[in-house]
Each structure stands twice: as C-alpha cells, then as structure tokens.
There are 2 protein chains.
Amino acid sequence: MKRRPPVSIKTVAERAGVSPATVSNVLNAKPSVAPELIERVRSVVAELGYVTDSNASRLRSGKHSLAGVVVPDLSNPMFGTFVSTLETLAREDGFDLLVVSAANDVEQEKERLHAIRSWRPAGLIVIPCDGALSQRTPPSMHMPIVVVDRLPDAPDFDLIAVNNAQSAAAISAHLSEQGYRSCTVAGSMLSISNIRERWEGAASAAGDMTLSMVEVGLEAKGIRRRLHETLTQRRPEALFALDHITGLIAYQTMTDLGLSAPGDLAFACFDEAEWMRLVRPAITTVRQPIEEMATAAWQQLSRRMGGNADPVRTLRLACSVEVRGSTLREGGRSSTAA
Amino acid sequence: MKRRPPVSIKTVAERAGVSPATVSNVLNAKPSVAPELIERVRSVVAELGYVTDSNASRLRSGKHSLAGVVVPDLSNPMFGTFVSTLETLAREDGFDLLVVSAANDVEQEKERLHAIRSWRPAGLIVIPCDGALSQRTPPSMHMPIVVVDRLPDAPDFDLIAVNNAQSAAAISAHLSEQGYRSCTVAGSMLSISNIRERWEGAASAAGDMTLSMVEVGLEAKGIRRRLHETLTQRRPEALFALDHITGLIAYQTMTDLGLSAPGDLAFACFDEAEWMRLVRPAITTVRQPIEEMATAAWQQLSRRMGGNADPVRTLRLACSVEVRGSTLREGGRSSTAA
DNA sequence: AGTCTCCCGTAAAACGTTTTATGAAAAGCT
DNA sequence: AGCTTTTCATAAAACGTTTTACGGGAGACT
C-alpha cells in the first residue's frame, strides 16, 4: 500500500482555496459561510477522504467524545454483552468507548485505571475486580466514574448494581422449600463485594438448610480443584454457584464426577447463560439484567459528563429467578407449605 | 467530588520551579537532566497526580500508542476472547486498544471504520461483518490493517484466518463415515466469506451424503424461524451449524422440538463453546484457535506499525475437530473402512 | 455621494505536549 | 589566565485543530 502523507485540515484548505478556519467552520456547521465555499470544501473533503483528528479537536475545543470502560475480563460473556450495550448507547450520544480489561487482577486494574487517564476520557464506567476503587482512583482523578456490579469501598461513586442479597436469598429459600438439608455456596472471593452480598443473602434465607461457603478463587484450575474437593469429600445435597465462571466450572466438575442434577446434586447458579437452558435438566438461575445495567450506567455517566452535580446515587436493579429442573425434586414443592 | 482545574505539564513545571521542557525531559527519561531536578520533578508529579495527555503527546511527537480493533459483535464470546487476548499483547507493547463493534451490520461497520480513523490509531485489526472491506476503507485510509477470520474482498490486506474448508470437510467426512445419508448445513450467509468456505469444504467431502445449505441470516428470530422450518418440514439425518450463534440457536431449536442427538438428529457445530462439552451427549465441534489468531494478528500488525512493507501475507491456522457423542452412531465407526 | 452597519473570511492565538536550537555556565586543556 | 568544549536548561516552534478578534467589502440608509 503506497504511503502518502496524511491529509490535514491545511491540505484541505489549500486545495479548496480557503483558510483552515473556513474548513473548520464548514465541518462544524458554523453560521455565515458562503454556500459556494461550503460546497467547495465539502467536495475537497470527500475527494481527499479527510477525517478530523478528534484528539487535536478536543485539545483546542475542550469538547470530549471519548468515554472509558474498565471491566475485569472481556472473555466473560456477561462483560461482553455489557460493553456491547454500552457502545450502542454511547454512539447514540456521539461518544466512542475506550475499553480496557484488567485480566481479573487488581494490580492490572490499578495500572489500567492509570493508563486510561492519559487518553483524557470524559468519564469512566468501571466494573471493578473487587471494589477497592478508592485506592486506585487518586484525588487527582477528576473525571466522573460510575461503578457497576461490585460495590466500591468508598461512598464517592455512583453505583449501578443488582439486588444480590435478595436474589440469592430467593434461591436459598427455594432450595430449602424443596427439602434440601445441606447446600454448599461457591463463589470466587468474599472480598468481592457482590459475592459477599450474595453469600449473605443466601445465608439469611436458608431456613433449616445447612449452608457452607467455599471461596474458589478466580483462576480456573484452582476453581476446578476446590470444587472437586468440595464434591468428593462430603458432598452436599445442593450446590449454589455465585457467579458465571464458578457456575460453568461447577457444572463441568459435577458432570465429570458423574453426578446428575437434581438427584445426585441439586445445582443453581447466580448468572444466566444460554447453555444453562440447554442442558438437561435445565439449570435454576438468577438472571441479571445486563442490558438494563448498561443502560442505567450510561445514563448516569451522561448526566455526570453533562455537569450534573447531584449527590452520588445508587441504583439496584432486580434480577429474575428462573426455577428449572436442576433443583426441582419430584413432589418437592407440594410437600412444603407455601 | 470537588472539581479542581486539571493538572497540566505547566502546573508541574511551575510547582517544580523548572520549565515544561524540563518536565517533559524527565518524564521521557531524556539524558542531561541534573539529578536534583529529576527528583524534584518526580516528587511534584506524584504529589499532583499528573498524567501526561497521550493525545497531545502524539500530536507533537508523532509517536503512536493506540491501535484500533473492529469486531462484528462483542456479545459473541468468540470475539470477547479474541479482544481480551489482543489487549494483553497490545499492553505488552505499550499500546492501548480502541475497541468498536458493528452490531453485525455492514452500514454500522462502515460508520465505525470511518469514526475510528478520527482517533488516529496506528493500525487496525478488523474482523469484518462480511468481508467487503475495500468499500469501507477508502484510499485515504493509510493505516495498516490486519483482517481476521473473514476474507476481505481485495488482496490488499494481511489476513489471519483458519482452515475453514478443510475443517468443515473433516466434519462432513465424519458424518458420512458414520452413515448419515442426508445433512443440512446451516450458516448465516454465504456472502460472509468464512461461511462460504465452510460450506464449500463441507460440500467437497460429503461422499454419498446428500448435503443442502440453508442460509439462516444474522438476526436471532430469523435464525430460529428458518431452523424451525428446516427441522420440521423434511428433517435431515444430520445438522451442521457453521458458526457459533447458529449452533446455539440450532441446538435450542432441536431441544425445543424434542429431538435428541444423535438418534433423532446428529448435530455438529463449527465453533467450540464450553457448554457444548456440558450437554449430553456432548457436541461434535470444530474448535477454532482464537488465542493463536489474536496472537498472529497482533504480531503482524506490530510489524506493519513498525514500518514493515513486505508483501501482504495470509496465515491460515489449523482448527481441531472434536468428535463427541452428538454425531456418533452406535457401531457407526466400525461399519466403515478406514 | 457619504456614512454606518452587517456579513463573511481569515490571521493569529490557544489547547498540552515534545522537539529543536540556543545560550550560559562549568569543566578541561594549554 | 585564557580559550575551547561540553553540559544542561529552556525559549520558542510545531503538531492539528478550534476559537476569537479584526478587517474588508457589500449593502442599506440618508
């Protein structure tokens, strides 16, 4: 591909026989440019394929059109859907998104938050790895930040989350209603705020069911090993996974061990993925409203970027609980009083 | 959060009692700065939390640290994994990624490719919606572009793809070996080059098996409807889905119709997802080497961004075929000569 | 015909950095 | 002591835009 010097506003101006200021006025639809000049400039822009340098434009005008998104891991489909929805909304408002991920590592998250500042985004939407954001967002970080999904460790941030405790409680109550006497709750780490909320919610509604918590970590091999231990040492009657990746590996582990749901082991997961409907029996899940979370997050960030200085705001969205075959005992429902 | 005027290199210079040029020299580790000044500048940078404006830096220095990635849809886990891997590699080379997606729409892809240019990325990695890239990358678009997964419609681009035809042929041959006499091959659209290659590959190795192609489109409802029609009108003995989303919806449709694999309908898919191993029987798949594709794409783009002007290059990576229960007939293998 | 007002195009400055050229001071050499 | 060379700090320019202030010309009014 033959390399040609890049086209700048000066090139366009020279070719059109006007000044760079006139080209800028045309491109930015400023009033009081003669129709003849408008036509001439537009024609040259099309001919040369000129595209304004958004960085230079922001430098001079101060007007932003970039926002940043920081997520723990783009391989997780939940985050992929989240970012995809955000992008659609951002584009409608004339923004592009700079998307970075932290590989589920708090040190990388710190580095990513630092690095993203250098692009001067107008604001940030952050799904933190664990929530210790105030350590990673120094006082000099002035841009508005909306936190999603995990609770930040300081009250300075707008937060969009789901009703973790209540939804996990619903699962716990359901399992208890079905007559299960013991349940292991598996989650990555209790230091991750939404995992802790879910555990606490589950614990609050266990009724007569004995609940225990196992922290399986974030690394697939470790998750697999701890779940394998859990299911082979003293197997509970039910297993409740508190996040998507834990749920996926939990299901793999129980199928590898030849355990079928719900007879050998009832299984529920706090996150919905398509495959959970496909396996037989289908899996009881808590479905998080990912697109609503993305919508609420973008709307709140838009307000902040627009100058809104209201007190910080927390929005909790409701999940839905999908009861499916993986937790239903034969006659289980009818044997318990409503 | 109290808004304070942003800190610039001038603020740092004033506070440190040096010139902006000295601050720049310190931050960029230029030789011949007195140790005392280095220490003073660093201390002020830390105190004020100053972060260089990468846009202004690139404007003056001409040195890039942003690359662009365009994918059809981030909700598709394959693209999520791809971008995640790219990001890790880019970061190792000191680059950030501007990630945009086209919502599987060629008009949006055109708009996205145009918009991403305004950020002046040093290069682009593009998974096109259908491959008609030369229409969406005008001659004025000089940055290096590496195309991934789908064939571009012009020979100007580096390409990283998989051996679609050969891998699909392997599935087709396997189905024929198993004794299936008819197979429907379902893919989004033949105008998408990798779908076309896969169909052609499957067709080339069908042997005695009757093959037919159904183009199901990209929109979930339409995919579901066409697959439903296909499976209820004149049901084939086998179904081979050519991409992930088609495979997911195909499996949903057959389970909704009460069809079990492989007895009622053998099922194979050209893409691997975790759930395909979890369902019973597990699904026969072609596993694409997503991380290797990302690695090869980044390496090639790095070379191009570094000034390499070798002729354009195509790299085809090999997929692996995972034969599982969804296509294995009882005694099917032993009845066919190797 | 002269004066005043309005329109329109643009020169120059500014944004935040980096680079380059320059000058002053210090160090080295004779 | 004087001259030459080297070091180091910085003034000014430059990157690609947008904004602002200014000047010239045209039109309107008397």
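Quantities reported herein were computed from a predicted structural model and do not represent experimental measurements. (Residues numbered from 1 in each chain as written. Chains lettered and ligands numbered in written order. Predicted model: local features only at pLDDT ≥ 70, side-chain atom pairs only at ≥ 80, totals over all residues. Heavy atoms only, no water.)

## What about the overall build of chain A?
Then, in step 1: Within chain A, the regular secondary structure consists of 12 helices and 12 strands.
Then, in step 2: Its C-alpha radius of gyration of 26 Å places chain A more than 25% over the 20 Å reference for a compact globule of 338 residues.
Then, in step 3: Within chain A, the proportion of its 338 residues that are buried is 55%.
Then, in step 4: Long-range contacts, defined here as pairs at least 24 residues apart, represent 69% of the contacts in chain A between residues at least 6 apart.
Then, in step 5: Of the accessible surface of chain A, which amounts to about 14,600 Å², a share of 50% is contributed by carbon and sulfur atoms. (Helix = DSSP H or I, 4+ residues; strand = E, 2+ residues; numbered from the N terminus. Rg over C-alpha atoms; globule rule 2.2 N^0.38 Å. Buried < 20%, exposed > 50% of the residue type's maximum accessible area, 1.4 Å probe, protein only. Contact = heavy atoms within 4.5 Å. Areas by Shrake-Rupley, 256 points an atom, 1.4 Å probe, with all protein chains shown as cover.)

## Details of helix α7 (residues 164-177) of chain B
Residue and element names in this part refer to chain B.
Then, in step 1: Counted at 1.5 Å a residue, the expected span for α7 with its 14 residues is 20 Å, and the 20 Å between its end C-alpha atoms agrees.
Then, in step 2: Among the residues of α7, those classed as buried are N164, S167, A168, A169, I171, S172, H174 and L175.
Then, in step 3: Following α7 by one or two positions, G179 has its phi on the positive side, about 95°. (Expected span 1.5 Å × (residues − 1).)

## Some details on the protein's contact with DNA strand C
Then, in step 1: Around DNA strand C there are 28 residues in total, and T22, A34 and R60 of chain A together with S24 and K30 of chain B lie nearest to it.
Then, in step 2: With respect to DNA strand C, the backbone of S19 of chain A contributes an N or O atom lying 3.2 Å from a phosphate oxygen.
Then, in step 3: Within the side chain of R60 of chain A, a nitrogen or oxygen atom sits 2.6 Å from a base nitrogen of DNA strand C.
Then, in step 4: Secondary-structure elements contributing two or more residues to the surface near DNA strand C are α2 (20-27) and α4 (54-61) of chain A together with α2 (20-27) and α4 (54-61) of chain B. (Near = heavy atom within 4 Å. Polar contact = N/O pair within 3.5 Å; in protein donor to acceptor, adjacent residues only side chain to side chain.)

## A closer look at the interface of chain B and chain A
Then, in step 1: Counting residues at the interface gives 57 residues for chain B, matched by 58 residues for chain A.
Then, in step 2: Across the chain B to chain A interface the summed buried area is about 5,300 Å²; carbon plus sulfur atoms make up 50%.
Then, in step 3: Three residues stand out in chain B for area buried against chain A, namely W119, H142 and L278 of chain B, and they jointly supply 14% of the buried area on that side.
Then, in step 4: Taken together, chain B and chain A are joined by six salt bridges.
Then, in step 5: When the shortest N-O distance is used, the salt bridge between R112 of chain A and D96 of chain B registers 2.6 Å.
Then, in step 6: Seen at the junction of chain B and chain A, the total is 24 residue pairs in polar contact (both at pLDDT 80 or more).
Then, in step 7: Elements supplying a minimum of two residues to the side of chain B that touches chain A: α4, α5 (77-92), β2 (96-101), α6 (106-117), α10 (244-256) and α11 (275-278) of chain B. (Buried area = accessible area lost by both parts, 1.4 Å probe. Salt bridge = Lys/Arg side-chain N within 4 Å of Asp/Glu carboxyl O.)

## So, the relation of the copies chain B and chain A
Then, in step 1: After a rotation of 180° and a shift along the axis of 0.0 Å, chain B superposes on chain A with an RMSD of 0.1 Å. Taken together, the rotation and translation describe the operation of a two-fold axis.
Then, in step 2: Same-surface contact between copies: 100% of interface residues of chain B are shared with the interface of chain A. (Least-squares fit on C-alpha atoms with pLDDT ≥ 70 in both.)

## Let's talk about the side chain of E197 of chain A
Then, in step 1: Along the chain, the position of E197 of chain A falls in helix α8 (residues 193-204).
Then, in step 2: Ignoring any residue separated from it by four or fewer positions in sequence, one finds E197 of chain A in contact with L151, V162, N164, A165 and R316 of chain A.

## Let's talk about the pattern of salt bridges
Then, in step 1: As enumerated under the stated definition, the model contains 34 salt bridges over all chains in all.
Then, in step 2: Connected through salt bridges with shared partners, the residues D96 of chain A together with E111 and R112 of chain B form a single ionic network.

## Some details on the packing of α2 of chain B against helix α3 (residues 35-48) of chain B
All names here are of chain B.
Then, in step 1: Taken N-terminus to C-terminus, the directions of α2 and α3 make an angle of 90°; their axes are 10 Å apart at the nearest point. As judged from the angle between their axes, α2 and α3 are roughly perpendicular. Contacts between α2 and α3 involve T22, V23, V26 and L27 from the former and L37, I38, V41, R42 and V45 from the latter.
Then, in step 2: Each residue belonging to the contact of α2 with α3 can be placed in one class, and the counts come to seven nonpolar, one polar and one charged. (Axes fitted to C-alpha atoms, helices over the stretch in contact; angles between N-to-C directions. Parallel < 35°, antiparallel > 145°, perpendicular 65-115°, else oblique. Nonpolar A, V, L, I, M, F, W, Y, C, P; charged D, E, K, R; others polar.)

## Observations regarding the nonpolar core
Then, in step 1: If you look at the biggest cluster of nonpolar residues, it comprises 100 residues, and the most contacted ones within it are F82, F240 and W298 of chain A together with F82, F240 and W298 of chain B.
Then, in step 2: Leaving out residues up to four positions away in the same chain, F240 of chain A has contacts with A168, I171, C183, T184, V185, A186, A202, A268, C269 and F270 of chain A.
Then, in step 3: Of all hydrophobic cores here, the second largest spans 48 residues; its members include A241, I249, M276 and I283 of chain B. (Core = buried A, V, L, I, M, F, W, Y, C linked by side-chain atoms within 4.5 Å.)

## A word on the sheet that holds strand β3 (residues 124-126) of chain B
Residue and element names in this part refer to chain B.
Then, in step 1: In spatial order, the strands read β2-β1-β3-β4-β5-β11; together these six strands make up an open sheet with parallel pairing. Edge positions in the open sheet fall to β2 and β11 (314-317), since each of these has one partner strand only. This sheet shows a mean twist of 15° between the axes of neighbouring strands, independent of strand direction.
Then, in step 2: Alignment of strand β4 (residues 145-148) against strand β5 (residues 158-162), held across three bridges, turns out to be parallel. Counterpart to V146 in the pairing with β5 is D158.
Then, in step 3: Of the strands in this sheet, β1 (66-71), β2, β3, β4, β5 and β11 are in contact with helix α12 (residues 290-305), which crosses β5 at around 170°. (Pairing = 2+ DSSP bridges.)

## Some points on the confidence of the model for chain A
Then, in step 1: Summing up the model confidence of chain A, the mean pLDDT is 90 and the portion of residues at 70 or higher is 96%.
Then, in step 2: Counting interchain partners and residues more than four positions distant, the pLDDT-below-50 stretch residues 332-338 of chain A has five contacts. (pLDDT = per-residue confidence, 0-100.)

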